[in-house]
Amino acid sequence: MTTGTGLRPAPVGAQPDQAPPSRTARRWTGLAVGLVLLAVAVALSIAVGSRTIGLSTVWQVLWHDTGTPESVIVHQLRLPRTVLGIGVGAALGLAGTLMQALTRNPLAEPGLLGVNLGASTAVVLAIAFLGVTSPTGYVWFAFVGAALTSVVVFALGGSGRAPTPERQVLAGVAFTSVLGAIVWAVLVSRREVFDRYRHWDVGSLADRETSTIVALAPFLAAGMVLALVLGRQLNALALGDESATSMGARPGRIRALGMVAITLLCGAATAASGPIWFLGLAVPYAARMFVGSDHRWILAYALVLGPALLLASDVAGRVLVAPAELPVGVVTAFVGAPLFIALCRRRRLSVL
Amino acid sequence: MTAPVLRLTRVGGARRIVLGSPAGRFSLRMPLRSALVGTGLLVLALAVSLVSLTSGDFPIPVTDVLRSLIGQGNPGTDFIVHELRLPRVLVTLLVGAAFGASGTIFQGLTRNPLGSPDFVGLTVGAATGALIVILVLGGGGFAVAAGAVIGCLVTAVAIYLLAFRHGVQPFRLVLIGIGVSALLEAMNSYLIYRARLDEAVSAQVWLIGSTNGRGWTEVALVGVAVAVLLPIVLHHGRHLDMLALGDETATLHGVPVERSRAVLALCGVALAAAATGAAGPIAFVALAAGPLAGRLTRSPHAGILPGALMGAALLAVSDWLAQHAWPGGDIPVGNVTAALGGVYLTWLLVHERRRLG
């Protein structure tokens with residue numbers, strides 16, 4: 001990961017990976033700490049809930065499905081939920097990183113820019129008017145919705161002459177509220193769909209079918225691989241289009257591939273869990289604090305920190321208002337919005 | 001009390017119309033084109049309202065409606081006009097005007113066509129207040145309106161305090177508003193998520209925004225707000241163009257910058273609060289009214305009065321469509337404005353592209 005020849009000819013010294021050894025060591029240590037955090041989050045996510053199970057019991061029934069109530073809870077409820085959390089968290093973390101890199105906008109985020117809601121809108125329209133009922137059917141509409149929204153928001157936010165981070169966020173919010181209005185307008189006359197939608201719209205990992213997770217896994221995996229492969233190119237893009245071109249990178253192709261990855265990740269994640277806000281904002285931000293500006297490292301960190309943060313939020317949602325549950329989307333909003341506000345309060349909203 | 005005087009003047013080649021007291025103590029001056037557009041919008045809004053008064057399950061001829069309005073109708077038409085249709089028509093006009101004025105103010109203050117109260121979190125805050133009343137406290141009617149007003153004002157104060165850092169920069173205000181409204185949106189969907197289905201549906205109808213079934217209480221709420229605040233806003237609104245040139249320029253031209261901005265923002269918040277309290281957070285009227293009026297008056301900043309009149313006309317037309325355009329009957333007016341809002345944003349998109357390309 002520290003060497004490679006994605007860009008030719010590569011002037012020596014301009015490569016961001018020529019970091020001093022101590023820094024590389026720190027990055028690896030940080031990644032290891034992140035993995036430990038993720039492991040803790042996974043353990044908690046399997047153990048903690050309305051019926052908390054001891055860690056030793058969890059370990060035991062994990063490998064031997066004994067048929068006891070504990071075993072059923074772990075295998076039927078907690079394990080799928082945790083796996084889903086890992087997938088969605090990683091997807092949103094990576095999608096946020098990609099968006100911020102492609103738009104050079106530190107405020108870009110799939111939720112704020114409306115991509116998640118674009119996916120939901122398409123799903124709702126599919127349910128209401130086309131009678132689509134299976135999650136494998138949803139996901140295609142989610143992709144179309146996510147792709148269309150990202151194109152519209154980038155166009156509306158002025159990706160041409162003078163794109164500013166703020167304009168893009170505002171365009172995203174504007175477009176999101178049109179979509180939201182359409183969704184609610186469709187739903188309010190259909191009570192059953194409305195009932196299902198309101199449980200989904202809040203952003204939750206609970207009660208999702210295992211078959212859904214299996215069906216979505218290939219899309220998530222493809223999106224993740226594409227995102228990770230793009231890391232080196234994103235570093236080139238960060239130097240500006242002209243420098244990137246002179247280094248042998250092709251900005252147009254990088255953007256197109258990045259959009260494909262974002263669409264896959266956001267579409268699949270939203271189809272699985274409903275729109276979840278701010279994860280895609282917080283994860284790359286935290287990653288940059290540790291590793292600086294090298295996107296290969298940021299992406300690797302996002303892959304680890306995204307699931308850790310989402311699972312931690314999910315566990316917090318189960319504990320905070322027990323015996324009821326706070327949906328994870330609400331928890332991430334309550335954690336992420338203050339971060340967003342703090343970022344905006346900083347004096348200069350620097351462009352990435 | 002002396003009658004106002006209407007004069008036509010010429011300032012640097014642009015014809016202006018001046019409406020003022022004989023001594024010239026108070027006057028309202030605007031370009032002739034703006035005055036004509038404003039009059040046209042007013043006529044349109046009133047005409048549509050008149051049509052709304054005549055149409056419904058029991059069609060009433062225009063002459064009978066007019067007779068009822070001046071107090072000479074028969075008891076039957078009086079009941080339908082005064083108790084059923086007139087409150088709705090008045091709420092529509094006043095709410096439209098309040099949203100239009102509020103949107104124009106915020107777009108002027110933030111110098112951004114997307115900086116309307118819908119997006120800086122005000123209407124979301126109002127929605128949270130109303131949802132708490134509907135779903136947690138179990139209130140209805142006037143309590144909901146009060147909850148919305150309180151929610152809106154609290155949100156506005158919170159956003160202002162959070163955005164305050166060596167003064168308030170317009171864009172930071174917008175962004176902080178977006179952050180706060182994301183937080184409140186999450187709260188709103190949680191409130192709807194945990195409610196019973198019946199209550200959730202009725203809360204959702206409120207969230208879309210409707211003027212259906214509004215009575216004289218709502219007319220009074222938004223009517224008082226418009227009657228009190230609109231003159232104040234018009235008085236201070238003349239500085240809006242100057243404020244758009246930047247604080248220093250405005251100060252050099254003798255504009256009391258901080259005071260004008262504070263008064264305008266406060267009145268804008270109050271207008272949005274009252275309108276949302278009366279009819280729910282109807283989308284896009286506040287967003288579209290100012291820029292559309294600006295297009296018609298061919299001036300970059302439409303001025304608040306044309307914006308308000310445009311808002312009233314837009315909502316009046318939307319409400320008529322909501323009642324009569326679908327065979328199924330009455331749909332919430334918020335659905336219609338959202339659809340129009342989609343068209344408007346698409347237009348904005350194409351327009352921006354063309355300008356950039």
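Residues numbered from 1 in each chain as written. Chains lettered and ligands numbered in written order. Predicted model: local features only at pLDDT ≥ 70, side-chain atom pairs only at ≥ 80, totals over all residues.

Under an unreviewed UniProt entry, the name given to chain B is ABC transporter permease, and the source organism is Paractinoplanes ferrugineus. Recorded in UniProt for chain B, the comment headed Sequence similarities (unreviewed entry) runs: "Belongs to the binding-protein-dependent transport system permease family. FecCD subfamily." (UniProt positions renumbered as here; feature names shortened; annotations may be inferred.)

For chain A, an unreviewed UniProt entry supplies the name Iron ABC transporter permease and the organism Paractinoplanes ferrugineus. What UniProt records for chain A under Sequence similarities (unreviewed entry) is the sentence "Belongs to the binding-protein-dependent transport system permease family. FecCD subfamily." Under the UniProt heading Subcellular location (unreviewed entry), the note attached to chain A is "Cell membrane".

Visitor: Quick rundown of the overall build of chain B? Include the residues and the values.
Guide: Broken down by element type, chain B carries 14 helices and three strands. Relative to a compact globule of 357 residues, whose C-alpha radius of gyration would be 21 Å, chain B shows 21 Å and is just as compact. In terms of its C-alpha atoms, chain B occupies a principal-axis envelope of roughly 55 × 50 × 45 Å. Taken across its 357 residues, chain B has 51% of its residues classed as buried. (Helix = DSSP H or I, 4+ residues; strand = E, 2+ residues; numbered from the N terminus. Rg over C-alpha atoms; globule rule 2.2 N^0.38 Å. Buried ≥ 20, exposed ≤ 12 C-beta atoms within 10 Å, placed from the backbone.)

Visitor: If you had to explain the UniProt feature "transmembrane region" (unreviewed entry) in chain B to someone new, which residues and values would you point to?
Guide: Residues and elements named next belong to chain B. The positions UniProt marks with the feature "transmembrane region" (unreviewed entry) are residues 35-53, 89-107, 119-137, 143-164, 171-193, 213-234, 262-289 and 333-350. The distance from the first to the last C-alpha atom of residues 35-53 is 27 Å, and the span holds 100% helix and 0% strand. The span residues 171-193 carries 100% helix and 0% strand; its end-to-end C-alpha distance comes to 33 Å.

Visitor: Kindly report on helix 7 (residues 191-201) of chain A, identifying the contributing residues and their values.
Guide: Residues and elements named next belong to chain A. Of the positions making up helix 7, those classed as buried are Phe-194, Tyr-197, Arg-198, Trp-200 and Asp-201. Summarising the axial view, the buried residues of helix 7 lie within an arc of 160 degrees, below the 170-degree limit, and thus occupy one face. Downstream of helix 7 by a residue or two, Gly-203 has a phi angle that is positive, lying close to 80 degrees. (Arc of directions from axis to C-beta.)

Visitor: Run through the nonpolar core, naming residues and quoting values.
Guide: Soluble globular proteins tend to pack their nonpolar side chains together in the buried interior. In this structure, A:Leu265, B:Ala98 and B:Val222 are the most contacted members of the largest nonpolar core, which totals 215 residues. When sequence neighbours within four positions are dropped, the list of residues in contact with B:Val222 reads B:Val91, B:Leu94, B:Val95, B:Ala98, B:Ala274, B:Ala275 and B:Ala278. (Core = buried A, V, L, I, M, F, W, Y, C linked by C-beta atoms within 7 Å. Contact = placed C-beta atoms within 7 Å.)

Visitor: Hey, could you go over the packing of helix 3 (residues 69-103) of chain A against helix 12 (residues 279-291) of chain A for me, with residue numbers and the actual values?
Guide: What describes two packed helices is the angle between their axes and the distance between those same axes. Residue and element names in this part refer to chain A. At their nearest, the axes of helix 3 and helix 12 sit 7 Å apart, and the two run at 70 degrees to each other. Comparing the axis directions of helix 3 and helix 12 gives the class roughly perpendicular. Touching Gly-89, Leu-92, Gly-93, Ala-95, Gly-96, Thr-97, Met-99 and Gln-100 of helix 3 are Leu-279, Gly-280, Leu-281, Val-283 and Pro-284, all from helix 12. Its residues assigned to classes, the contact of helix 3 with helix 12 comprises seven nonpolar, six polar and no charged. (Axes fitted to C-alpha atoms, helices over the stretch in contact; angles between N-to-C directions. Parallel < 35°, antiparallel > 145°, perpendicular 65-115°, else oblique. Nonpolar A, V, L, I, M, F, W, Y, C, P; charged D, E, K, R; others polar.)

Visitor: Can you explain the environment of A:Leu125? Please cite residues and give values.
Guide: Along the polypeptide, A:Leu125 turns up in helix 4 (residues 115-130). Residues A:Leu125 and A:Val202, spaced 77 residues apart in sequence, show a C-alpha to C-alpha distance of 18 Å.

Visitor: Report on unusual backbone geometry, specifying residues and quantitative values.
Guide: We note that A:Phe278 has phi near 75 degrees; this positive angle belongs to a residue other than glycine. Inspection of the secondary structure assignment puts A:Phe278 in the loop between helix 11 (251-273) and helix 12. Non-glycine residue B:Phe284 carries a positive phi angle of around 80 degrees. Tracing the backbone shows B:Phe284 in the loop between helix 11 (257-279) and helix 12 (285-297). The class for B:Phe284 is buried, based on 30 C-beta atoms found within 10 Å.

Visitor: Got a sec to walk through the packing of helix 3 of chain A against helix 11 of chain A? Specific residues and values, please.
Guide: Residues and elements named next belong to chain A. Running from amino to carboxyl end, helix 3 crosses helix 11 at an angle of 150 degrees, the nearest separation of the two axes being 9 Å. In this structure, helix 3 crosses over helix 11, and the sense of that crossing is left-handed. Taken together, the residues of helix 11 that come into contact with helix 3 (itself represented by Leu-84, Val-88, Ala-91, Leu-92, Leu-94, Ala-95, Leu-98, Met-99 and Leu-102) are Arg-255, Gly-258, Ala-261, Ile-262, Leu-265, Cys-266, Ala-268, Ala-269, Ala-272 and Ser-273. Each residue belonging to the contact of helix 3 with helix 11 can be placed in one class, and the counts come to 16 nonpolar, two polar and one charged. (Left-handed = near helix turned anticlockwise from the far one by under 90°.)

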